[in-house]
Structures are given as C-alpha cells and as structure tokens.
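Take a look at the letters that make up each chain.
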Amino acid sequence: MGKLTIGCFSSLVGSMTLDFALKLSEAAIKKGHTVDMWLSGNATMLSKKGQRKFQDYSSLEASMTEMLGKGLNVTACEACAEARGYHKEDLIEGLGRKSMDWYLASCFEADRVLHIGGE
Amino acid sequence: MAVEKKMAFIVDKLPYKAETSRLALTHAIASQSVEIYLEDEDTVIPVVAFVGEGVLNCLKDQAALKLYGVTSLEGHIKNALLLDLEVMVCKEDLEKYGLTNDSIIMDAEEIGGEVETQVVPFDDILKAMDSADHVLYF
Amino acid sequence: MKLGVFVSQYTQTNTTLERIKADKLGIILVQNAVYHAGIKENGKASPILDKDAEFFALTEDLQSRGLSPDNVDGKVKVVDYNDLVDLIMNDYEKTIWI
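Residues numbered from 1 in each chain as written. Chains lettered and ligands numbered in written order. Predicted model: local features only at pLDDT ≥ 70, side-chain atom pairs only at ≥ 80, totals over all residues. Heavy atoms only, no water.

Overview of unusual backbone geometry
Notably, B:Glu41 is not glycine yet its phi reads approximately 75 degrees, a positive angle. By secondary structure assignment, the location of B:Glu41 is in the loop between helix H1 (20-29) and strand S2 (43-50). Even without being glycine, C:Gln31 reaches a positive phi, approximately 50 degrees. By the element assignment, C:Gln31 lies in the loop between strand S2 (24-29) and helix H2 (35-38). (Helix = DSSP H or I, 4+ residues; strand = E, 2+ residues; numbered from the N terminus.)

Spelled out as structure tokens, the structure:
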C-alpha cells in the first residue's frame, strides 16, 4: 500500500473538482492507501465549517467529515484561507492549517501525487 | 542518508485572471522552507517551467503592483531566480507569440540574483518532467 | 516515463497534450473531457483519440452527463474510481492534471 497526495486548487462550488477529489480519496483509503489532501487557493472554501446543503451546489462538509474519521488527512493553506476571510475558528474540526511547505513535504513523502490545478 | 526529491512545477495558464500561475511560484518558492517538515538533510529540488500560454507570465515590465496593489508575476519570478530556483521557459512557445529573450525576465540581477532564466526547447522541459519525482502541473 | 494524464476539459486543442511524449502514456478522461469519449463532432471522433496512448473515461462522469458507458469510442476503456486508484498507484509513475 502506498501514500497518495492530492493537491486541490479549484473552488468548492461550480467545478465539481473537489467532489472528484473526495471520491478518489475514499476509493484509495478503501484500498488501504494513505491519503493527504491539500486545499489551496479557492479550494480552501472546502475547509470552512457551516456549509449549508443545497442540492444545486456541491456540499461536501458532511462527506469530508466522514472521510476524516476514516483516516483522510486534510490540510488547508493558511494564507489562502486568511486572504478569503476564513479564520482558524472557521475551520472544520479535524482539518489542519499550514503554510505551503507542508504540501511539498507531503509530496516528498508520497508515492504518487495528483495535483489538480485551479480554474 | 539524505534524500533529494525533484519536483517540477509546470505553468501553462495565463496570469492575473486566475491565481494558478501565482500559486505555482509561491509553492515552488516554499521549497526553501520545507526542511522544517523533513528529516535532517532531506531536500526538495524545485524546477519551474513555463509552457504554452504560460510563457506570457514571464513578460517584463508588469505593473500590477502599481496599478492594482497585487504583487506581479514578474516579482515572483525574480524572487525564484534570487533563490537560485531553476526557471525554464519554452523556446517554441516564446517564438509562437513573437517574443524573444529581451521580452522576458531573464535575471534578477538588480536584487542580487545570480542565476538566469533558461530558454529551452519543449523537449528539455519534458526531460525535466521525466527526471522529476513528481510533476505539479498548474 | 510512465505518465498518466488526467484531462478534465473538452477542448479540441491542448498544446501540452499534443506535444507530450512518454514511454507509456495514459490519457484519463474525467469531468467534461469525457465528451471526447462519447461525442463525435461532425461525425468524427475527437482528435485527442488519435494520440498514441491508452484511453480511459470515468463512468460516473459519463453517466452524470447523460452519456452511456456502452457507447464510448472503441479505443476508450470505461473505469470507475477504484480503477483510477489502481491507475495512479500501480500503472503510472507520475500523473498530471491538465
């Protein structure tokens, strides 16, 4: 079994890229792999708690929280989050907030990296 | 034993309308502080390459800081050169847009940088991707 | 290198994809790129499929868009998320997303 690091840079609403990343993470963890997920740029939106569920919008707080319980390691870029007004107290419980070097360290240790760039 | 891992940051997006190329540079520059998370002596060796429309990030005389108060991509590229990062620009794509070495940021001499931008054929960028442990395509 | 390229957009030209070379190349169509597998423009298959590569398309993204996994181009293998994990972790050394 290996380690997969997924870098996410697209926004929560509109692109469905974060839906893809979470489904891929779930499948990888089920197969016994370790998964780190990095949220940067507009993807930091996913780290904010209090997402209200509407069927017209991607709403991933519940499914991500479930995945955290199954071992998914999610960390958001601190500067990207702060620039958008998402502060430490807004962070979903169980997520980390770090600087960009955390992502590079995660890639360093990973067997595979899937870096999903922004829009 | 110390481990070195090479990461290729490939930029093919235009600047300013989206954050992508800026994040490529800020993440590549973050390689300079990644040691705090790694074992002693382990290092990340970054290489930044601009391809396709991405070469337009490298134009000289960007005034985004003056006009919009946002750091220019030129500033980030100069910082990368100052920190001795390997910066490559695709030769064929420069030619496609009618640009030459004189049109783009080739050095960061005025802030003390010693390395220069390398204008190379796309095949050399493919070789850099091939020799990298991971490719981050922005 | 063994390179898996995730393509997520439905554009007829991509200068990177056109130029990229690898000892083993996989093109994995996800999100809107699945139209390359399931739609013919003016009766012709997408030019992406002319590339010397193995092709995959994500079944969930085909079905989300009203495309039947049974009607994709013959060059394309339909895969699910479990298969994607195996492609990333076992079949290719590096992956990029364009």
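Read on for the rest.
Brief notes about the interface of chain A and chain B
Interfaces are frequently sized by the accessible area removed from exposure as the parts join. In this complex, chain A contributes 26 residues to the contact, which on the side of chain B involves 25 residues. In total, chain A and chain B occlude about 1,900 Å² of area from one another, counting both sides; carbon and sulfur atoms represent 69% of this. It is A:Asp101, A:Leu104 and A:Phe108 that lose the most area in chain A upon contact with chain B, and together they represent 39% of the buried surface on that side. At the boundary of chain A with chain B, the tally comes to 1 salt bridge. Note that A:Arg84 and B:Glu19 form a salt bridge whose closest N and O atoms lie 2.7 Å from each other. Counting across the chain A and chain B interface gives 6 residue pairs in polar contact (both at pLDDT 80 or more). Elements with a contribution of two residues or more to the side of chain A that touches chain B: helix H4 (100-109) and strand S5 (112-116) of chain A. A per-element tally of the side of chain A that touches chain B places H4(A) first, with 9 residues. Class assignment for the residues of the side of chain A that touches chain B results in 12 nonpolar, 7 polar and 7 charged. (Contact = heavy atoms within 4.5 Å. Buried area = accessible area lost by both parts, 1.4 Å probe. Salt bridge = Lys/Arg side-chain N within 4 Å of Asp/Glu carboxyl O. Polar contact = N/O pair within 3.5 Å; in protein donor to acceptor, adjacent residues only side chain to side chain. Nonpolar A, V, L, I, M, F, W, Y, C, P; charged D, E, K, R; others polar.)

Brief notes about the packing of H4(A) against H1(B)
Relative to each other, H4(A) and H1(B) sit at 75 degrees, their axes nearing to 8 Å. Relative to H1(B), H4(A) is oriented roughly perpendicular. Of H1(B), the residues touching H4(A) (which contributes A:Met100, A:Tyr103 and A:Leu104) are B:Leu23, B:Thr26 and B:His27. Of the residues contributing to the contact of H4(A) with H1(B), the split by class is 4 nonpolar, 2 polar and no charged. (Axes fitted to C-alpha atoms, helices over the stretch in contact; angles between N-to-C directions. Parallel < 35°, antiparallel > 145°, perpendicular 65-115°, else oblique.)

Things to note about the sheet that holds strand S1 (residues 4-11) of chain B
The strands making up a sheet associate through backbone hydrogen bonding, with each pair oriented either parallel or antiparallel. All names here are of chain B. The 5 strands are arranged S4-S3-S2-S1-S5 in an open sheet whose pairing can be described as parallel. Two strands close off the open sheet at either side, each with one partner strand: strand S4 (118-120) and strand S5 (134-137). Averaged over all adjacent pairs, the angle separating strand axes in this sheet is 25 degrees, with direction ignored. In this fold H1 packs onto S1 and S2, with an angle of close to 165 degrees to the strand it touches most, S1. (Pairing = 2+ DSSP bridges.)

Details of the side chain of B:Ser72
Residue and element names in this part refer to chain B. Position of Ser72 among the secondary structure elements: in the loop between helix H2 (64-68) and helix H3 (73-82). The exposure class assigned to Ser72 is buried, which follows from its relative accessible area of 8%. With residues near it in sequence (within four places) discarded, Ser72 still touches Tyr16, Gln62 and Ala64. (Buried < 20%, exposed > 50% of the residue type's maximum accessible area, 1.4 Å probe, protein only.)

As for the confidence of the model for chain C
For chain C, the mean per-residue pLDDT works out to 96, and 100% of the residues sit at or above 70. Both scores are given for the predicted complex: the pTM is 0.96, the ipTM 0.95. (pLDDT = per-residue confidence, 0-100.)

Observations concerning the nonpolar core
With 82 residues, the main nonpolar core has A:Tyr103, B:Ile10, B:Phe50 and C:Ile96 as its most contacted residues. Take this core: its biggest share by element is 7 residues, from H4(A). Beyond its immediate chain neighbours, meaning those up to four positions away, B:Ile10 contacts B:Ala49, B:Val51, B:Ile125, B:Met129, B:Val135, B:Leu136, B:Tyr137 and B:Phe138. If you look at the next biggest cluster of nonpolar residues, it comprises 43 residues, including A:Ala43, C:Phe56, C:Val79 and C:Met89. (Core = buried A, V, L, I, M, F, W, Y, C linked by side-chain atoms within 4.5 Å.)

Some words on the interface of chain C and chain A
Contact residues are listed per partner, giving 15 residues for chain C and 20 residues for chain A. Around 1,500 Å² of area is buried between chain C and chain A when both sides are counted, 69% of it from carbon and sulfur atoms. The largest per-residue losses of area from chain C upon contact with chain A belong to C:Tyr81, C:Met89 and C:Trp97, which jointly make up 45% of the total buried on that side. For the interface between chain C and chain A, the tally reads 1 salt bridge. A salt bridge links C:Asp86 to A:Lys31; the shortest N-O distance between them is 3.1 Å. If you look at where chain C meets chain A, you find 6 residue pairs in polar contact (both at pLDDT 80 or more). Those elements that provide at least two residues to the side of chain C that touches chain A are helix H4 (81-91) and strand S5 (94-97) of chain C.

Points about H3(B)
Residue and element names in this part refer to chain B. In terms of burial, H3 is largely enclosed, as 7 of its 10 residues are buried. Turning to H3, its buried residues are Leu73, Glu74, His76, Ile77, Lys78, Ala80 and Leu81. Where H3 is buried, its residues touch H1, S2 and strand S3 (86-90). Directly after H3, the chain includes Asp84, whose backbone phi takes a positive value near 65 degrees.

Re the pattern of salt bridges
Across all of its chains, the model carries 14 salt bridges over all chains by this definition. Measuring nitrogen to oxygen at the nearest pair gives 3.5 Å for the salt bridge that ties A:Glu109 to A:Lys3. Taken together, the residues A:Glu109 in helix H4 and A:Lys3 in strand S1 (residues 3-8) connect sequence positions 106 residues apart. Between B:Asp123 and C:Lys21 there is a salt bridge, with the nearest N and O atoms lying 3.2 Å from each other. Placement of B:Asp123 in helix H5 (residues 122-131) and of C:Lys21 in the loop between helix H1 (15-19) and S2 is noted, with the two residues assigned to different chains. Beyond isolated ion pairs, a larger network of salt bridges with shared partners links A:Lys3, A:Asp36 and A:Glu109.

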